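# Structure assessment
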Amino acid sequence: MKPIAFSAFSVWLALILAGFLGIHITGSFVRSQKNHTLIFTKENTIRNCSCSADIRDCDYCLANLMCNCKTVLPSTMEKTTYNSHLTIWFTDTSVLEMLLNFTRVWDLKLTFCGTTPLPTEYLAIWGLRKLRVNKVKGGFPEQSVTIYSSSNNKKDDSLAVHNKDRQPLVYISFLDTSLFNGYSLLKSYSVENISSITEHFPSLLYSDVFSTSDNKSYVVTFIY
C-alpha cells in the first residue's frame, strides 16, 4: 500500500505544480501584453478604450465587447501624451481636432469610418514617429509612413552637434485631413533644422502659436 500512496501523492504534487506554473506563465503573458488605446465616436458620444488585441476597423460592437471602454464627455477631454499605440476611428474632423491638435503621439493609426468627404484642415501633432491611415468605405488598402525611428539616431546626433547651443530637436507634423477623400498614395516630407517656424512658414496655420525665440530646433513634417 505504501508505493500506491506514494504514487498518488506524486501525482497530486505534480498537478499542484502544473497548476501553479500555468497560472504564473499566463500571468506573465498577460502582463507582457501592451494594451493600446482606441478612441471612437458613436451616436454623439466618445468612447475611450484600452484594448489588448487589434480590433477590426470601425467594428464598434466588437470594440465594446473585447476592450475595456468608457464614455468620455468632450468637455472633460484633456491633452495628454500617448507613448504607446493610439487608434482613432472617426467620421468627421471635429473629433480629430479635439483629440490630436498639439497632442504628443508617437504611434498613430487613423481610420475614416464615414462616407461624407472631409474638408481640407490641418492638424498639428507633436513627436509623431509613425502614422497609419485607413479608409473603410471603398476597400482601399491601409497605408503607413514612418517619420523617424531609432535608426535616425545618427542623423539626430549630427543635427544635435550642429545645434549644440540649442535644446534637443522637436518634431512636429502637420496632417492634411483631405487625404482621406478618395484614394491617393500617402506622402510626407520633412524640413530639418528649423529655428523658427514662424519665420520659415509665415503663412502656415497655427504659426502664431510658436514663439519666435523659444531657442528650439524643429523638424517639421508635412503629411498629405
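This text gives an overview of the structure that appears in the document. (Residues numbered from 1 in each chain as written. Predicted model: local features only at pLDDT ≥ 70, side-chain atom pairs only at ≥ 80, totals over all residues. Heavy atoms only, no water.)

With that settled, consider unusual backbone geometry. Generally, phi is negative for residues other than glycine and the peptide bonds are trans, each holding for most cases. Residue Cys58 is not a glycine yet carries a positive backbone phi of 65°. Looking at the secondary structure, you find Cys58 in the loop between strand 2 (45-51) and helix 2 (60-66). For Cys58, a relative accessible area of 16% translates into the label buried. With phi around 60°, Asn193 is a residue other than glycine that occupies positive phi space. Turning to its location among the elements, Asn193 is positioned in strand 10 (residues 188-194). (Helix = DSSP H or I, 4+ residues; strand = E, 2+ residues; numbered from the N terminus. Buried < 20%, exposed > 50% of the residue type's maximum accessible area, 1.4 Å probe, protein only.)

Right, let's talk about helix 3 (residues 93-100) for a bit. Where helix 3 is concerned, the buried positions are Thr93, Val95, Leu96, Leu99 and Leu100. Considered in projection along helix 3, the buried side chains sweep an arc of 155° and stay on one side of the axis. Packing partners of the buried residues in helix 3 comprise strand 1 (36-42), strand 4 (81-90), strand 5 (103-112) and strand 6 (122-126). A positive backbone phi angle near 60° is found at Phe102, which sits one or two residues after helix 3. (Arc of directions from axis to C-beta. Contact = heavy atoms within 4.5 Å.)

On to the state of the cysteines, then. Considering all chains together, one arrives at three disulfides under this definition. A disulfide bridge connects Cys49 with Cys69, and the sulfur atoms are separated by 2.1 Å. One quick way to see it: the torsion about the S-S bond of Cys49 and Cys69 is about 110°, and its sign makes the bridge right-handed. Within this pair, whereas Cys49 is found in strand 2, its partner Cys69 is found in strand 3 (residues 68-72), the two being separated by 20 residues in sequence. Judged by its relative accessible area of 1%, Cys49 falls in the buried class. Each sulfur of the disulfide joining Cys51 and Cys67 lies 2.1 Å from the other. Its S-S torsion of about 110° marks the bond between Cys51 and Cys67 as right-handed, since a negative value means left-handed. (Disulfide = S-S within 2.5 Å.)

Position of Trp106 among the secondary structure elements: in strand 5. Since its relative accessible area comes to 27%, Trp106 is described here as partly exposed. Each C-alpha atom, one on Trp106 and one on Ile147, is 9.8 Å from the other, the two residues being 41 residues apart in sequence. Excluding residues that lie within four positions of it along the chain, Trp106 makes contacts with Tyr82, Asn83, Gly127, Leu128, Arg129 and Lys130.

This part covers the pattern of salt bridges. For the structure shown, the criterion picks out four salt bridges. A salt bridge links Glu142 to Arg132; the nearest nitrogen and oxygen atoms lie 3.3 Å apart. Linking Glu142 in the loop between strand 7 (130-135) and strand 8 (143-146) with Arg132 in strand 7, this pair joins segments that are ten residues apart in sequence. The class of Glu142 is partly exposed, set by a relative accessible area of 38%. Exposure remark for Arg132: the relative accessible area of 21% places this residue in the partly exposed category. One salt-bridge network, held together by shared partners, links Asp57, Lys109, Arg132 and Glu142. (Salt bridge = Lys/Arg side-chain N within 4 Å of Asp/Glu carboxyl O.)

Functional significance is not addressed by these values, which are geometric in nature.
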